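Chain by chain, the residues run as shown.
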Amino acid sequence: MKKIVILLLAFIGTTVSFAQKARINNADKKYDHYAYIDAIKVYEKVAEKGYKSANLFENLGNAYYFNGELDKAEKWYGELFAFNKTIEPIYYFRYSQALKSVGQYDKADQMLATFYKKTNDPAAGELLNNPDYAKKLREDSGRFKVENSGTNTKYSDYGPAFYNNEVVFASARDTGGVFHRKHRWTNQYFTKLYAAQISDDGYLAPAQKFSESIDTRFHEATPVFTKDGTTMYFTRNNYNDGKKGKSSDRIVKLKIYKAVLSDGKWDNVTEMPFNSNNYSTAHPALSPDEKILYFSSDMPGSLGNSDIYKVAINSDGTYGKPENLGKTINTSGRETFPFVSQKNELYFASDGHLGIGGLDIFKSKILTDGYSTPENLGSPLNSPKDDFALIMNSEKQMGYFSSNRDGGQGSDDIYKVKEFRCEQLLKGMITDKESGLPLTNAKVSLFDATMKPMGSVQTDSGGLYRFETIDCDKTYYVRAENDGYQTREVSVMIPAKTGETTLNIELEKKAIPIEPGIDLAKVLDIEIIYFDLDKWNIRPDAEVELQKVITVLKEHPTITLDIRSHTDSRQTHKYNERLSDRRAKSTLEYMVKHGIDRNRLTAKGYGETQLVNRCSDGVPCSEAEHQQNRRSEFIVIKM
């Protein structure tokens, strides 16, 4: 970017943070009339006895991970990796975070590298110093079409803003006059504001001076307008009432000013109360509701050469205290030229985040609790030179930006950009798994394929959630949390076409009431107690499941239990009845051997007499349907 824009630039930054924490609040409600089972405590006691299964270690690791106890999660994820060689990619990421919590950084990096390799996500380069990162950004994805806007000159033209059916921008062009002052650094005229009509195809007509009433001897640039067109915020050198202001080191800084349209003339120019002679404020932008003003500054407390800030616009016309947008957005470099779209997306320029070269344009979604990790918009929007000051009409998916890239007409030019965006609405319902009822005020969080947070919402009174403008053809993770329930995380692949994707999630209660008639197999998620073909001896994998039941019985010594074994319809009625009865009694003997009083247990086999589906004799069924009938039940008879 040429020096004339350097005089008017503002500042920016952030480092990408990849560590994620999801805390689950413990349920406050107390129950007076029932006993409850905390399934995780049961699993842990079973595991500590030496029983092993992948599901057991996943449940334990996840329980601590989602509760922010990463050092404890590390133990059980370690057991998972030692036990099972086929592991879902997401566990490599979680294990890496847990390993970092106990100082095992080398092993954590190995896990993270494997996670990225398995998920094949291009953002891996930013975190792993991938030398191909810039190369990937330079590849034209076909998402943007960039053209000369049609209004450029050999001088610097930059910093566009929408105003009615025009684009207002700063230009150093000479449009006549008696006296012209040139800046001695650039030998170009000081910039003034110009306006150009937008044609039907988006090109800009020849520009005219916007308003001589706000022109001064120095720079005016980067305006933003309220929707009613009566208020303008803009950047100007420190120049008030014909007097030039300087900092303590004798530099003329930048300030943000406000002007009001009165009788067709921009008048009543006032500077913002958060300006200072000793630092710059520049490049204002408004939130869609016009209650927040964003800007760039190098004021004390900035993280880098320049940061992006926001300040509240109060209903009485006063302003709040400027707030730094923080490390998600701001870096040790320059973050500048903010713009907020109708979809609450923050666009800005940065040389602190990884990019193609110079200033690159980034996008971040403004969330209820912060900002999503900035996305470099890549080529052809970004180039090896400076690309900045993007404005977008979200409805038309069309906008304008500034660049000093090769092939332009002047030192900085304004380009027209058309975005070909494929977006989806991701929606669904969060329900109680047992009752099927919707869960109100459940927290639903969205993460991209590399577990970068994309935002979070609360479910409404119907248990519904929705995430707008989700990118197509990508994998996301949706995490659902609610007091008293086990947190659950589900992956979803968004199709490569505009539309809607529905993802419903069922949550299981952390603590489930025990009362006569309840089946502990369902409470403890025991589907099948496996036996070898035509045998009834307890296999090692069945021991893991039985130990869950034994643990519950030891914690609640008044419970009496009826063990029921069922088969499918394949074989004769008599054979199935005898086999199931032997298996039920074998299960009882195993539990007695491990410390359960025989008087608390009864056992019976029911063969194929209590099928749960249509798969009776002679009915063709799938293996999965037959499996539904091969089940064990542990029915509570008395408390």
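The structure we're discussing is the one just above.
Residues numbered from 1 in each chain as written. Predicted model: local features only at pLDDT ≥ 70, side-chain atom pairs only at ≥ 80, totals over all residues. Heavy atoms only, no water.

Undergrad: Before we move on, could you go through the packing of aromatic side chains and cite the residues and values that matter?
TA: Summed over all chains, the structure comprises 24 aromatic pairs. When the centroid spacing of 4.3 Å and the interplanar angle of 35° are considered together, the rings of Y163 and F225 count as tilted. Taken together, the positions of Y163 in strand β3 (residues 157–163) and F225 in strand β9 (residues 220–225) put the pair 62 residues apart, joining distant regions of the chain. Each member of the pair, Y163 as well as F225, is classed as buried. On the numbers, 6.5 Å between centres and 40° between planes, the contact of F339 with Y347 is tilted. Accessibility expressed as a relative area gives 15% for F339, which makes it buried. Ring-pair connections join several aromatic residues into one group, and the members of that group are Y163, F210, F225 and W266. The aromatic ring of Y91 is capped on one face by R94, whose charged end is 5.1 Å from the ring centroid. Lying across the ring of Y257, R236 places its NZ or CZ 5.0 Å from the centre. (Phe/Tyr/Trp six-rings, centres within 6.5 Å; stacked < 30°, edge-to-face > 60°. Helix = DSSP H or I, 4+ residues; strand = E, 2+ residues; numbered from the N terminus. Buried < 20%, exposed > 50% of the residue type's maximum accessible area, 1.4 Å probe, protein only. Lys NZ or Arg CZ within 6 Å of the ring centre and 35° of its normal.)

Undergrad: Before we move on, can you summarise the nonpolar core with the specific residues and values?
TA: Y77, V549, L553, L561, M591 and F634 are the most contacted members of the largest nonpolar core, which totals 64 residues. In contact with M591, not counting residues within four places along its chain, are V549, I550, L553, L561, I563, I596, L601 and F634. In this structure, Y194, I198, L204 and L381 belong to the second largest nonpolar core, which totals 22 residues. (Core = buried A, V, L, I, M, F, W, Y, C linked by side-chain atoms within 4.5 Å. Contact = heavy atoms within 4.5 Å.)

Undergrad: Could you give an account of helix α4 (residues 70–83), with specific residues and numbers?
TA: An ideal rise of 1.5 Å per residue puts 20 Å on 14 residues; α4 measures up with 20 Å between its terminal C-alpha atoms. For α4, every residue scored as buried is listed here: L70, A73, E74, W76, Y77, G78, L80 and F81. (Expected span 1.5 Å × (residues − 1).)

Undergrad: Please set out the sheet that holds strand β28 (residues 443–447) residue by residue, giving values where relevant.
TA: Judged by pairing direction, the sheet is antiparallel, and its four strands sit side by side in the order β29-β28-β31-β32 without closing on themselves. The sheet is open, and its two borders are formed by β29 (453–458) and β32 (488–493), each paired with just one other strand. Here the strands of the sheet are splayed against their neighbours by 20° on average, with no regard to which way each runs. As defined by bridge partners, strand β31 (residues 475–481) adjoins β32 across six bridges and the pair is classed as antiparallel. The partner of V478 across the bridge, within β32, is V490. (Pairing = 2+ DSSP bridges. Axes fitted to C-alpha atoms, helices over the stretch in contact; angles between N-to-C directions.)

Undergrad: Please provide a residue-by-residue account of the sheet that holds strand β14 (residues 265–271), values included.
TA: Pairing is antiparallel across the open sheet formed by four strands, whose spatial order is β9-β10-β13-β14. Each end of this open sheet is capped by a strand with a single partner; those strands are β9 and β14. When strand polarity is set aside, the average angle formed by the axes of neighbouring strands in this sheet is 30°. In this sheet, β14 lies alongside strand β13 (residues 254–262) in antiparallel orientation, the contact comprising five bridges. Along β14, the bridge assignment pairs L261 with W266.

Undergrad: Mind laying out the pattern of salt bridges, listing which residues take part and the relevant values?
TA: In this structure the tally under the stated criterion is 29 salt bridges. Of the charged contacts, one joins R570 and D568 as a salt bridge, the two residues approaching to 3.2 Å between their closest N and O atoms. With a shortest N-O distance of 3.2 Å, E625 and R614 are connected by a salt bridge. Of this pair, E625 sits in helix α12 (residues 623–629) while R614 sits in the loop between β37 (601–607) and α12; the two residues are 11 residues apart in sequence, bridging distant segments of the chain. (Salt bridge = Lys/Arg side-chain N within 4 Å of Asp/Glu carboxyl O.)

Undergrad: Lay out the side chain of T501 with the relevant residues and their values.
TA: Summarising the element assignment, T501 is placed in strand β33 (residues 499–502). The class for T501 is buried, based on a relative accessible area of 10%. Contact partners of T501, with chain neighbours within four places excluded, come to Q424, L425, L426, K427, V492, I494 and P495.

Undergrad: Hey, could you go over the pairing of strand β27 (residues 423–432) for me, with residue numbers and the actual values?
TA: Judged by how many residues are buried, β27 sits mostly within the fold: eight of 10 residues are covered. Pairing analysis gives six bridges linking β27 to strand β30 (residues 464–471), with the strands arranged antiparallel. By the bridge assignment for β30, M429 is matched with L464. Relative to β33, β27 runs parallel, the two sharing four bridges. The residue of β33 that forms the bridge with Q424 is G499. The sheet contact formed by β27 and strand β34 (residues 505–507) spans three bridges and is parallel. Within the sheet, the bridge partner assigned to I430 lies in β34 and is I505.

Undergrad: Explain the environment of L464 to me, and be specific about the residues and the numbers.
TA: In this structure, L464 sits in strand β30. For L464 and G428, which are 36 residues apart along the polypeptide, the C-alpha to C-alpha distance reads 5.7 Å. Not counting residues within four places of it along the chain, the set of residues in contact with L464 comprises G428, M429, Q458 and T459.

Undergrad: Quick rundown of a positive patch on the surface? Include the residues and the values.
TA: A cluster of basic residues, R217, K244, K246 and R250, forms a positive patch at the surface. Inspection of the secondary structure puts R250 in the loop between β12 (243–244) and β13. (Patch = residues over 30% accessible without salt bridge, like charges linked within 9 Å, V, L, I, M, F, W, Y side chains within 5 Å. Areas by Shrake-Rupley, 256 points an atom, 1.4 Å probe, with all protein chains shown as cover. Lys, Arg positive; Asp, Glu negative; His and termini not counted. Charge placed at Lys NZ, Arg CZ, Asp CG, Glu CD.)

Undergrad: Talk me through the packing of helix α3 (residues 54–66) against α4; I want residue IDs and the actual numbers.
TA: Two numbers describe a pair of packed helices, the interaxial angle and the distance between the axes. Axis separation between α3 and α4 bottoms out at 8 Å; the angle between their running directions is 160°. What the angle tells us is that α3 and α4 run roughly antiparallel. The interaxial crossing formed by α3 with α4 has left-handed handedness. On α4, the residues that touch A54, F57, E58, L60, G61, N62, Y64 and Y65 of α3 are L70, K72, A73, W76, Y77, E79, L80 and F83. (Parallel < 35°, antiparallel > 145°, perpendicular 65-115°, else oblique. Left-handed = near helix turned anticlockwise from the far one by under 90°.)

This is a description of form; function is not addressed.
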